Amino acid sequence: MNKKRIFVAGHNGMVGSAIVRQLQSESNIEVVIRSRAELNLLSQADVQAFFYDNKIDQVYLAAAKVGGIVANNTYPAEFIYENLTIQNNIIHSAHVAGVNDLLFLGSSCIYPKLAEQPMREDALLTATLEPTNEPYAIAKIAGIKMCESYNRQYGRNYRSVMPTNLYGENDNFHPKNSHVIPALLRRFHEAKLAGDAQVVAWGSGKPMREFLHVDDMASASIHVMNLNCDVYKNNTQDMLSHINIGTGIDCTIRELVETVAKVTGFEGGIVFDSSKPDGAPRKLMDVSRLKSLGWEYSINLEDGLKVTYEWFLNNQHSFRK
């Protein structure tokens, strides 16, 4: 029996590596991966040659240039150029090579800065984006529309999923460049080792955020990729085809911080510095479309934080100081 050859672009990233782990558990699948040294996704010629030389049946497009607020503000040109280029090269080359099935992974930042909560798929392109990551968001919106355009013109089966805030194995734990969960896990871990009396958390602790473990993200991505075409089309629209992925449940930053302290075993006090910015009061995804398609999350926040902290402990030697 011929195995289905699936290319995972961005296999070293947090989401891509989780998708690879789950796909590799299937005996009828051959996962195809390439390192940056082996395949330059910014080169149209290299990407076209890759698809020409390899019979690929499906593509998971998880490759992207990502970063926090500082990086997005400092390098907006690189963020829009590199993400647009990677997407254009992979989506178009897959089409030219006759690949019919592709899943594009985006971000919840595609929605307007002041989108109604919880954010529904139809909030896309209804108002102004958050300025700090607008170039990245524009690239992701273009990816959605590129998939839809190839579907409309060529009858391709190119789908898009938009995740909420993700965390888990292979996350970035750099002390200055990481997102909120890895940053908190590392901060509380180091405070515990140092015997600190307290940890200071930024903001009031009142804003609400939604978090999804990356293994659930991988599971949802594979679920959406493998949906029957009629089922997918009946639950989406030709020009509004993307699907939110999340838990549909949020918590306050205070609750998150207290749970991280519990998971890491930190027994000191917690102080919230209200002089620091809070950001948006709430960011929650509407996942009713995803639920109607038969998928719900399975890893609750505390359990997910426990396995993420365990992974951090086993891999902290590899993190830059």
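In what follows, the structure referred to is the one given above.
None of the values given here were measured: they were computed from a predicted structure. (Residues numbered from 1 in each chain as written. Predicted model: local features only at pLDDT ≥ 70, side-chain atom pairs only at ≥ 80, totals over all residues. Heavy atoms only, no water.)

J.: In this structure, what is going on with the packing of aromatic side chains? I would like to understand it.
T.: Given two aromatic rings, their pairing is described by the distance between the two centres and the angle made by the two planes. Applying the stated criterion across every chain yields a total of ten aromatic pairs. Relative to phenylalanine 50, the ring of phenylalanine 7 lies with its centre 4.5 Å away and its plane at 45 degrees, an arrangement referred to as tilted. Here the residue phenylalanine 7 occupies a position in strand β1 (residues 4-9), and phenylalanine 50 occupies one in helix α2 (residues 44-53), the gap between them amounting to 43 residues. In this pair, the class of phenylalanine 7 matches that of phenylalanine 50, namely buried. Within the aromatic cluster, the residues linked to one another by ring pairs are Phe173, Tyr309, Trp311 and Phe312. The aromatic ring of tyrosine 232 is capped on one face by arginine 159, whose charged end is 4.2 Å from the ring centroid. Its guanidinium or amino end placed over the ring of tryptophan 202, lysine 276 lies 4.8 Å from that ring's centre, counting from NZ or CZ. (Phe/Tyr/Trp six-rings, centres within 6.5 Å; stacked < 30°, edge-to-face > 60°. Helix = DSSP H or I, 4+ residues; strand = E, 2+ residues; numbered from the N terminus. Buried < 20%, exposed > 50% of the residue type's maximum accessible area, 1.4 Å probe, protein only. Lys NZ or Arg CZ within 6 Å of the ring centre and 35° of its normal.)

J.: Could you clarify how one ought to interpret the sheet that holds strand β8 (residues 208-209) in this entry?
T.: Two strands in a sheet stick together by hydrogen bonds in their backbones, pointing the same way (parallel) or opposite ways (antiparallel). One open sheet holds the three strands; their spatial order is β11-β8-β13, and the pairing between them is mixed. Edge positions in the sheet fall to β11 (251-252) and β13 (282-283), since each of these pairs with one other strand and no more. (Pairing = 2+ DSSP bridges.)

J.: Would you explain the packing of helix α6 (residues 180-194) against helix α9 (residues 253-264) in this entry?
T.: Each pair of packed helices can be summarised by the angle the axes make with each other and by the distance between the axes. Remark: α6 packs on α9, axes separated minimally by 9 Å, with the N-to-C direction vectors making an angle of 45 degrees. In terms of their interaxial angle, α6 and α9 are classed as oblique. Between α6 and α9 the crossing geometry is right-handed. Contact residues: α6 offers Val180, Ile181, Leu184, Leu185, Phe188, His189 and Lys192, while α9 offers Leu256, Val257, Val260, Ala261 and Thr264. Considered class by class, the residues forming the contact of α6 with α9 number nine nonpolar, two polar and one charged. (Axes fitted to C-alpha atoms, helices over the stretch in contact; angles between N-to-C directions. Parallel < 35°, antiparallel > 145°, perpendicular 65-115°, else oblique. Left-handed = near helix turned anticlockwise from the far one by under 90°. Contact = heavy atoms within 4.5 Å. Nonpolar A, V, L, I, M, F, W, Y, C, P; charged D, E, K, R; others polar.)

Everything listed here is a matter of geometry and, on its own, says nothing about what the molecule does.
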